[in-house]
Amino acid sequence: MTSTASKLTAWQKALVQAITDPQELLNSLELDSDWLEAAKSAANVFPLNVPRGFVARMQKGNAHDPLLRQILPLGDELQIVAGYSEDPLQEAKYNPVPGLLHKYQGRVLLTLVGTCAVNCRYCFRRHFPYTDNNPGTEGWERALNYIANHPSIHEVILSGGDPLVANDKTLQAFSDKLNLIPHIKRLRIHSRIPIVLPERITPEFIHWISQLKQKPILVTHCNHPQEINAAVAEAAHLLTKAGVVLLNQTVLLKGVNDAAETLIALSESLFAIGIQPYYLHLLDKVQGAAHFDVDKETAVKLHEELSQNLSGYLVPKLVYEQPGAPAKKPVELYTV
Ligand SMILES: *Cc1c(COP(=O)(O)O)cnc(C)c1O
Ligand code: SF4
């Protein structure tokens, strides 16, 4: 190990020691190498990247494990499917300065870093030009100026990449600047890290988030109850104790969570550790993810089953993104 590497904290080591080699992933899960050639080709388009602690929650020998399905590159991704695109949300249009998306009234979405702790195969950002659109510390100046010049913005949303890939010093430097803008009342973080790399929620991080001038909200991204283990529960507990409002968003994914009993168990398990279900998203139609799509009729039926079996506050809103719409749209059968 180099001297820089030895200075990494435990979570940063876990981040760099993630599995990126399809062969190693298959070996560690005792899966035969039938999957290997396709995995390698698909990983050339969008790399494999998964923390070991997340792999440990997968069932050995099960090629259809719901956690594995989310991260294993498959040949299906290479099919070009009509109706799917590389920028399904047409985000380029709402990008006034690099790293900033201003699509909805009152809130902006800001990219702090271009990378994630895990590469989710269904991600709508799988073709996003992160490297061109990663503001970097110097770029913050322009994004923060934009925010300062728009008093109608009350909430800043740090999103992905995964903002918690940034180290605590970077987060502190950012929040020091954000604190100078009085009209920002809430700081929301969208992150998959409390689920896939819960050791990131360190005492230092808790210290940072509990000192914010803005009300902190953390929206986790959990798709299956099997993702929740004791370490995730502990991270959620520390965050709740620090006064952070915890919400969760889920993407509805064929072969992962498209069964009512799975989604019911997910809501129950999230709430048990202090996380409120918020959104259940239909898949964004990104090229390479068509095999995950659940059609609207099935989605509405599943959602009705959730409503019939859960307390109202445990039922996430079923939504999708329509480019140009002023908010995420509820899924209704009569919408196109
Ligand atoms: C999803 C999203 C938001 C947040 O929307 P909420 O409905 O408030 O959760 C904000 N900006 C962009 C660009 C988004 O995609
Ligand atoms: S963590 Fe979020 S932004 Fe990153 S690859 Fe997964 S879904 Fe996409």
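As the structure is a computational prediction, the values presented were derived from the model and not from experiment.

Asker: Explain the site of ligand 1 residue by residue, including any values.
Answerer: Close to ligand 1 lie K103, Y104, R107, L109, I157, R188, Y278, Y279, E321 and K328, which account for all nearby residues. Contacts to ligand 1 include R188, whose side-chain N or O atom sits 2.8 Å from an oxygen atom. Starting from 390 Å² of accessible surface for ligand 1 in isolation, the protein chains cover 93%. Counting only elements with at least two residues in the shell around ligand 1, the list comes to β1 (100–104), β2 (107–111) and β7 (276–281). Among the residues making up the shell around ligand 1, the classes are represented as five nonpolar, no polar and five charged.

Asker: Requested: an account of the pairing of β2, with residues and values cited.
Answerer: Of all five residues that make up β2, four are buried, and the element is covered over most of its length. Here β1 folds back onto β2 in antiparallel fashion, the turn holding two residues, of which G106 has a positive phi close to 85°. Of the pairings in the sheet, the one linking β2 to strand β3 (residues 155–159) comprises five bridges and is parallel in character. Bridge assignment links R107 to a residue of β3, and that residue is E155.

Asker: Run through the domain arrangement of the protein chain, naming residues and quoting values.
Answerer: Domain parsing of the protein chain yields domain 1 (5–77) and domain 2 (91–330). Computed over C-alpha atoms only, the centres of domain 1 and domain 2 are separated by 22 Å. Contacts between the two partners involve 28 residues from domain 1, matched on the other side by 32 residues from domain 2. Here domain 1 meets domain 2 over a buried area of about 2,500 Å², counting both sides, of which 58% is carbon and sulfur. Summed over the three residues of domain 1 that lose the most area to domain 2, namely W11, R57 and Q70, the buried surface amounts to 32% of that side. Taken together, domain 1 and domain 2 are joined by two salt bridges.

Asker: Let's hear about the packing of helix α12 (residues 260–272) against helix α13 (residues 296–309): which residues, and what values?
Answerer: Between α12 and α13, the shortest axis-to-axis distance is 9 Å and the interhelical angle comes to 50°. What the angle tells us is that α12 and α13 run oblique. Between α12 and α13 lies a crossing whose hand is right-handed. Listed contacts from α13 to A260, L263 and I264 of α12 are L302, E305, L306 and N309. When the residues that make up the contact of α12 with α13 are grouped by side-chain class, the tally is five nonpolar, one polar and one charged.

Asker: Which residues make up the pattern of salt bridges, and what values go with them?
Answerer: Applying the stated criterion across every chain yields a total of eleven salt bridges. A salt bridge links R126 to E77; its shortest N-O distance comes to 3.3 Å. Linking R126 in the loop between β2 and α7 (136–148) with E77 in the loop between α6 (66–71) and β1, this pair joins segments that are 49 residues apart in sequence. Here R126 matches E77 in class, with each residue buried.

Asker: For the packing of aromatic side chains, give the residues involved together with the corresponding values.
Answerer: Ring pairs (aromatic) are described by centroid distance and by the angle formed between their planes. Within this structure, the stated rule accounts for five aromatic pairs. Aromatic side chains F271 and Y313 sit 5.3 Å apart centroid to centroid with 55° between the ring planes, which places their arrangement in the tilted category. Taken together, the residues span a long stretch of sequence, with F271 in helix α12 and Y313 in the loop between α13 and β8 (317–320) at a distance of 42 residues. When its relative accessible area of 48% is taken as the criterion, Y313 is described as partly exposed. Over the face of the ring belonging to W11 we find R200, whose NZ or CZ atom lies 4.0 Å from the ring centre. The cationic tip of K296 hangs over the ring face of Y320; the distance from NZ or CZ to the ring centre is 4.7 Å.

Asker: Describe the nonpolar core, with residues and values.
Answerer: Counting 79 residues, the largest nonpolar core has L25, V50, M58, I71, V156 and F174 as the members making the most contacts within it. If one sorts the elements of this core by residue count, α7 sits on top with five residues. Looking at this core, you find at least three residues from each of domain 1 (5–77) and domain 2 (91–330). With near-sequence residues (within four places) excluded, L25 lies in contact with I19, L48, V50, V55, L68, I71 and L72. Core analysis: the second largest hydrophobic core is formed by 17 residues, L263, L282, V315 and Y320 among them.

Asker: How would you summarise the pairing of β1 if you had to cite specific residues and measurements?
Answerer: Counting buried positions along β1 yields four of five residues, so the element is predominantly enclosed. Bridge count for β1 against β2 is three bridges, and the pairing is antiparallel. Within β2, the residue paired with L101 across the bridge is L109.

Asker: Provide a residue-level description of the environment of A230, including the pertinent values.
Answerer: Residue position: A230 is located in helix α11 (residues 230–241). The class for A230 is exposed, based on a relative accessible area of 64%. Along the chain, A230 and I273 lie 43 residues apart, while their C-alpha atoms are 9.7 Å from each other.

Each value, and the rule that gives it
- Residues numbered from 1 in each chain as written.
- Chains lettered and ligands numbered in written order.
- Predicted model: local features only at pLDDT ≥ 70, side-chain atom pairs only at ≥ 80, totals over all residues.
- Heavy atoms only, no water.
- Near = heavy atom within 4 Å.
- Polar contact = N/O pair within 3.5 Å; in protein donor to acceptor, adjacent residues only side chain to side chain.
- Areas by Shrake-Rupley, 256 points an atom, 1.4 Å probe, with all protein chains shown as cover.
- Helix = DSSP H or I, 4+ residues; strand = E, 2+ residues; numbered from the N terminus.
- Nonpolar A, V, L, I, M, F, W, Y, C, P; charged D, E, K, R; others polar.
- Buried < 20%, exposed > 50% of the residue type's maximum accessible area, 1.4 Å probe, protein only.
- Pairing = 2+ DSSP bridges.
- Domains from an automatic or database assignment.
- Contact = heavy atoms within 4.5 Å.
- Buried area = accessible area lost by both parts, 1.4 Å probe.
- Salt bridge = Lys/Arg side-chain N within 4 Å of Asp/Glu carboxyl O.
- Axes fitted to C-alpha atoms, helices over the stretch in contact; angles between N-to-C directions.
- Parallel < 35°, antiparallel > 145°, perpendicular 65-115°, else oblique.
- Left-handed = near helix turned anticlockwise from the far one by under 90°.
- Phe/Tyr/Trp six-rings, centres within 6.5 Å; stacked < 30°, edge-to-face > 60°.
- Lys NZ or Arg CZ within 6 Å of the ring centre and 35° of its normal.
- Core = buried A, V, L, I, M, F, W, Y, C linked by side-chain atoms within 4.5 Å.

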